[in-house]
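# Examining the three-dimensional arrangement
These are the residues of each chain, in order.
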Amino acid sequence: MNAPMIKLLASICLMTTAASAAPSYVDIEDRANLPILNSDLSMRKTAKIRLPNGLEALLISDPSADQSAAALAVGTGSWDDPVEFPGMAHFCEHMLFMGTKKFPKENEFSKTIADYHGQMNAFTAPDRTVYMFSSGHDGFQPILERFSRFFIDPLFNPSGISRELHAVDQEFSKNIENDAWREYMVFKETGNPDHPNAKFSTGNSETLGHIPQSALKQWHAAHYSAKKMRLVLYSPLPINQLKATALELFSEVPSKKKKKSKSRQEITSSQQRGKLTYIEPIKQRQILTLSWELPANLSLDDSRSAYLFCYALGRGQPYSLHEVLRQEGLIDNLSCSIDEMGGTAHRFFQIRMELTDKGLTQWKTAAHLCFQAIQGLKTSSVPAYLHQEMNATAQIRYQYQPRKNAFSYAMSIAESLLDEDLSTYPRSQLIATSYEPKKLAEIGRCLTAENCLFTLMADSAKTNVAPDKQERWMGAKYAVRDISEQQLREWSTASINPEIRLADPNPFFPASFEIVSAQKNDLGTNPTEISADRFGQAYYSRLKEFHSPEAMLSLHILTPEIVDDARSDCLASLYLDYLTDRLHPTLRAAQTAGLSASFSNDHSRIHVKIEGFSDKGSLLLQEILKEIATPASISFDEFEAYQSKHLKSYANAAHDLPCIQAKDLVSSLIDSNKTTKKEKLAALQNISYREFLSFARALFQETYTEGFFAGNLTLKDAESAWLDVRHLLGSAPFPKEKHPQTKVLSLSSNGPYAIYETTEAMGNAAFLMLDQGNFTFEKRAAQEVLSSSLKESFFDTLRTRQKTGYIVQSADT
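Residues numbered from 1 in each chain as written. Predicted model: local features only at pLDDT ≥ 70, side-chain atom pairs only at ≥ 80, totals over all residues. Heavy atoms only, no water.

### Observations regarding the overall build of the protein chain
Counting its regular elements, the protein chain contains 28 helices and 21 strands. Compactness check: the protein chain gives a C-alpha radius of gyration of 29 Å against a globular reference of 28 Å for 813 residues, within 12% of the reference. Referenced to the eigenvectors of the C-alpha coordinate spread, the extents of the protein chain come out at roughly 110 × 70 × 60 Å. Split into buried and exposed, the 813 residues of the protein chain put 51% on the buried side. Taking all contacts inside the protein chain whose residues are at least 6 apart in sequence as the whole, residues at least 24 apart take part in 82%. Accessible surface, the protein chain: about 38,200 Å² in total, of which carbon and sulfur atoms supply 52%. Across the protein chain, the centroid of the 87 positively charged side chains sits 5 Å from that of the 96 negatively charged ones. (Helix = DSSP H or I, 4+ residues; strand = E, 2+ residues; numbered from the N terminus. Rg over C-alpha atoms; globule rule 2.2 N^0.38 Å. Buried < 20%, exposed > 50% of the residue type's maximum accessible area, 1.4 Å probe, protein only. Contact = heavy atoms within 4.5 Å. Areas by Shrake-Rupley, 256 points an atom, 1.4 Å probe, with all protein chains shown as cover. Lys, Arg positive; Asp, Glu negative; His and termini not counted. Charge placed at Lys NZ, Arg CZ, Asp CG, Glu CD.)

Put into structure tokens, the structure is as follows:
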């Protein structure tokens, strides 16, 4: 062989060696130490990797997944908006769906999603933007490739900019009458003007109307870096294939040096702290909020002491802050939470109260009771057993998590993935590292009246405070008023209230997570009938595939007192308010322990549903049945409070988005059991205390109960639970021949029909319904195929091209 040929072969060998040594991913050790213990998910495998460009990914291989999904979070959001273009981050989020160099068609992504029966969405937060999609398994790889190009070569076509600007403007417009948004915008306007939180984060045609393509490209290039991104892939694909896919599709994402974090500034201002901000609502709302911005050392705190303090304040028990406020007739509801604004570095401790009419006139008393409860925790500290309970609850909920919808699952992970080192994720966000009495004391010292932001959202005619300011973007009317030093001092030095006490250990905390053994005859595809007689009918189901320590107990109670009309609907709703109030300490404690109960009424039935860890499910059922069986004892003041609450709720429906109002109207026309909120409002105004008392006392004198027991129960367990139902209800039978029958509207061939309704809310809506006639499986199958094929073109035509709507949906029902 001659020399030139030898040189050529050597070159080929060198090239091959270089190619094989191309940068690959790095495995990240999983130090979370939180194995999933739900045997339904036993085949699931996970991996954490870092790509050569610095992008980190959490990969989940689940052979039993019903769909595949992906989500990506990038650590940039509305706080990074340039001064000249408020809303830039949000607009960029919209534009990434509108075409890339490799896939330039503007509806390429959405069409592919529709072809594979998927979902897609994104949202922009102050410090992050999150993108997500789901699809059928066979579409996952092609959609993921299109998804990856969002972060590599987006086009930002001028034609797309023009069209999507309209969508952003409509999104802004639909929020103008949203009271939560208006409260947030007032908070931004009155906060620290030097903090980026003061920026107008949504954007509209005024702030983005003249944005050039070059500005979007430059902003994307500057802020979308692989080193600021976390990716989630969820699929039945083997874990090694997911690693290879992530490497192949996302290694091209540009990588830039991370900028140094800006020094932390307070979000709030002296204009807010120790002051009362009145906000005029659109709907009938009476909400008092007490908020404290926590300092950095307590926000970035692995002991999660703020969460523990909040847990102790909000945990259900007979002598809780909630119960005392309710017994005084001051609140309809109370919540205590730690809210994150812009990531873990900015946390707020918040107590939020929905006030009754009495509570609105005595809001200072409600606030005083809150400070008394805080003083009690400052004095006695939070006991270690509540720390252990909080940790144990968070851990078991994670480790025994049920299977979730693929889209929601991927989104929930991506949403929180930036808040912790990937190696330990999600341990630090769930489990407190230690019990720290000194940190708890520090939390207590922060929660003073002088540091508190008091916000009262209520009708100015009731507060007698005339708004004298108007928020710039959404036009919310508000006023900021001083609180006297004497009042602030009185709150900050409040004495302990002996009626507000610490919670005892939780009786509903599960003692066992074992999967109960079931007899071979218990397992099957079809439910097993437990009982069928004139008192009711009950079924039990235990699928052999189900191996989670959870159960579901469901009761549907028919009674002659509930019929198909608005008045009956209102009476039943008032009773369920009464029942929920009586059981609140029990329900809240159970919920804390991973066992929830809910009550509702429709189709002439009272519904009771219990779901969660199975170990104490029968105990909770017994507590609920005992209360139902106890003769109703309700005061006139309580009745007035419940009636007022529902009057506000039904009246507020007039300010719902027009599309929601249209759906409510159509539902009432189709289903004879449904009534509109407008009809309920008219009926409720004429219900007297005497009538309600008579209804409540007669409600369960005659009943027919339908029961369903499923999950981690044996047939014997279900039979025992059904005996409790029969024993504790103890009522006379409600004959089946007297049960109301559901009637469904059938449109005749003389149509089409048109209905026009006016609304007080901003905007318009159109709702088109097609009746396919009597049900057959063939028609249903055709309907699903047609709906799937129409969904994307319907959206693309009406929203993207015609720009005739922002909320555009089509569905088969």
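### Thoughts on the packing of helix α11 (residues 305-314) against helix α14 (residues 363-380)
In contact at an axis separation of 11 Å, α11 and α14 are set at 120° when each is read in the N-to-C sense. Here α14 runs oblique to α11, going by the angle between their axes. Crossing hand, α11 versus α14: right-handed. Taken together, the residues of α14 that come into contact with α11 (itself represented by F309, A312 and L313) are A373, I374, L377 and K378. Of the residues in the contact of α11 with α14, the class split is 6 nonpolar, no polar and 1 charged. (Axes fitted to C-alpha atoms, helices over the stretch in contact; angles between N-to-C directions. Parallel < 35°, antiparallel > 145°, perpendicular 65-115°, else oblique. Left-handed = near helix turned anticlockwise from the far one by under 90°. Nonpolar A, V, L, I, M, F, W, Y, C, P; charged D, E, K, R; others polar.)

### A word on helix α15 (residues 384-399)
Here α15 is 16 residues long and its end C-alpha atoms lie 22 Å apart, about the 22 Å a rise of 1.5 Å per residue gives. Every buried residue belonging to α15 is among L386, H387, E389, M390, N391, T393, A394, I396 and Q399, and all of these are buried. The secondary structure elements touched by the buried residues of α15 are α11, α17 (427-430), α21 (566-592) and β19 (605-613). (Expected span 1.5 Å × (residues − 1).)

### Here we look at the sheet that holds strand β14 (residues 477-482)
Taken in spatial order, the 7 strands make up an open sheet running β10-β11-β9-β12-β8-β14-β13, and their pairing is mixed. Two strands in the sheet have a free side with no partner beyond their single neighbour: β10 (331-340) and β13 (469-470). The sheet contact formed by β13 and β14 spans 2 bridges and is antiparallel. Residue K469 lies in a different strand from β14, and its bridge partner there is Y478. Each of β10 and β11 (347-355) touches α11; the most contacted strand, β10, lies at about 170° to it. (Pairing = 2+ DSSP bridges.)

### A look at the environment of S668
In this fold, S668 is placed in helix α24 (residues 658-670). With a relative accessible area of 14%, S668 lands in the buried category. C-alpha separation for the pair S668 and L745, spaced 77 residues apart in sequence, amounts to 9.6 Å. Discounting chain neighbours no more than four positions away, the residues touching S668 are K674, T675 and T676.

### Thoughts on the packing of aromatic side chains
Throughout the structure, instances matching the rule amount to 38 aromatic pairs. Both rings, one in F371 and one in F454, keep their centres 6.3 Å apart while their planes meet at 45°; by these two values the pair is tilted. Remark: F454 occurs in strand β12 (residues 453-457) and F371 occurs in helix α14; sequence separation between them is 83 residues. Comparing F371 with F454, the two get one shared label, buried. (Phe/Tyr/Trp six-rings, centres within 6.5 Å; stacked < 30°, edge-to-face > 60°.)

### Side note on empty space enclosed by the protein
Under the criterion given, the structure shown has 4 cavities of 30 Å³ or more. In this structure, the largest cavity spans a volume of roughly 60 Å³. Lining the largest cavity, in full, are L96, F97, G99, T100, F103, K105, E108, F109, R146 and F150. Counted by class, the lining of the largest cavity contains 5 nonpolar, 2 polar and 3 charged residues. (1 Å grid on protein atoms, 1.4 Å probe; cavity = no way out; pocket = protein on both sides within 12 Å on 5 of 7 lines; lining within 4 Å. Points joined across faces, edges and corners; volume = space filled by probe spheres on them.)

### With respect to the environment of N712
With respect to the helices and strands, N712 occurs in the loop between β20 (702-711) and α27 (715-729). For the pair formed by N712 and G475, sequence separation is 237 residues and the distance between their alpha carbons is 53 Å. With near-sequence residues (within four places) excluded, N712 lies in contact with E514, I515, V516, R542, F546, S548, P549, E550, A551 and S614. Among the polar contacts listed, one links the side chain of N712 to the backbone oxygen of E514, at a separation of 3.1 Å. Within the structure, N712 has its side chain in polar contact with the backbone nitrogen of V516 (distance 3.0 Å). (Polar contact = N/O pair within 3.5 Å; in protein donor to acceptor, adjacent residues only side chain to side chain.)

### A word on the sheet that holds strand β4 (residues 68-74)
With mixed pairing, 7 strands are arranged side by side in an open sheet as β1-β2-β3-β7-β4-β6-β5. Since the sheet does not close on itself, it has two edges, and those belong to β1 (26-27) and β5 (119-124), each with one partner. By the bridge criterion, 6 bridges tie β4 to strand β7 (residues 229-235) in an arrangement that is antiparallel. When the bridges of β7 are listed, A69 appears paired with Y234. Against the sheet, helix α2 (residues 88-95) touches β5 and β6 (129-135), its axis set at about 165° to β5.

### Focus on the confidence of the model for the protein chain
Averaged over every residue, the pLDDT of the protein chain is 91; residues scoring 70 or more account for 96%. pLDDT under 50 marks residues 1-20. Its contacts with residues more than four places away, or in other chains, come to 2 contacts. (pLDDT = per-residue confidence, 0-100.)

### A closer look at the pairing of strand β18 (residues 595-602)
One ladder, built from 8 bridges, connects β18 with β19; its direction is antiparallel. Bridged to D602 within β19 is R605. Connecting β18 to the next strand, β19, in antiparallel fashion are 2 residues, including H603 with a positive phi near 50°.

### Quick look at the side chain of T705
In this structure, T705 sits in strand β20. Classification of T705 as buried rests on a relative accessible area of 3%. Residues within four places of T705 in sequence aside, it is in contact with F535, G536, Q537, L555, H556, I557, W722, V725 and L729.

### Digging into the pattern of salt bridges
Inspection of every chain in the model, using the stated rule, returns 39 salt bridges. A salt bridge links K111 to D115, with the nearest nitrogen and oxygen atoms 3.3 Å apart. Of the two residues, K111 and D115 both sit in helix α3 (residues 108-115), 4 residues apart, roughly one turn of that helix. R326 is the partner of D581 in a salt bridge, and the nearest nitrogen-oxygen pair spans 3.8 Å. With a gap of 255 residues between them, D581 in helix α21 and R326 in helix α12 (residues 321-327) connect regions that are remote in the sequence. We classify R326 as buried; its relative accessible area is 14%. Residues joined by salt bridges that share partners form a network here, namely E323, R326, D581, R582 and E638. (Salt bridge = Lys/Arg side-chain N within 4 Å of Asp/Glu carboxyl O.)

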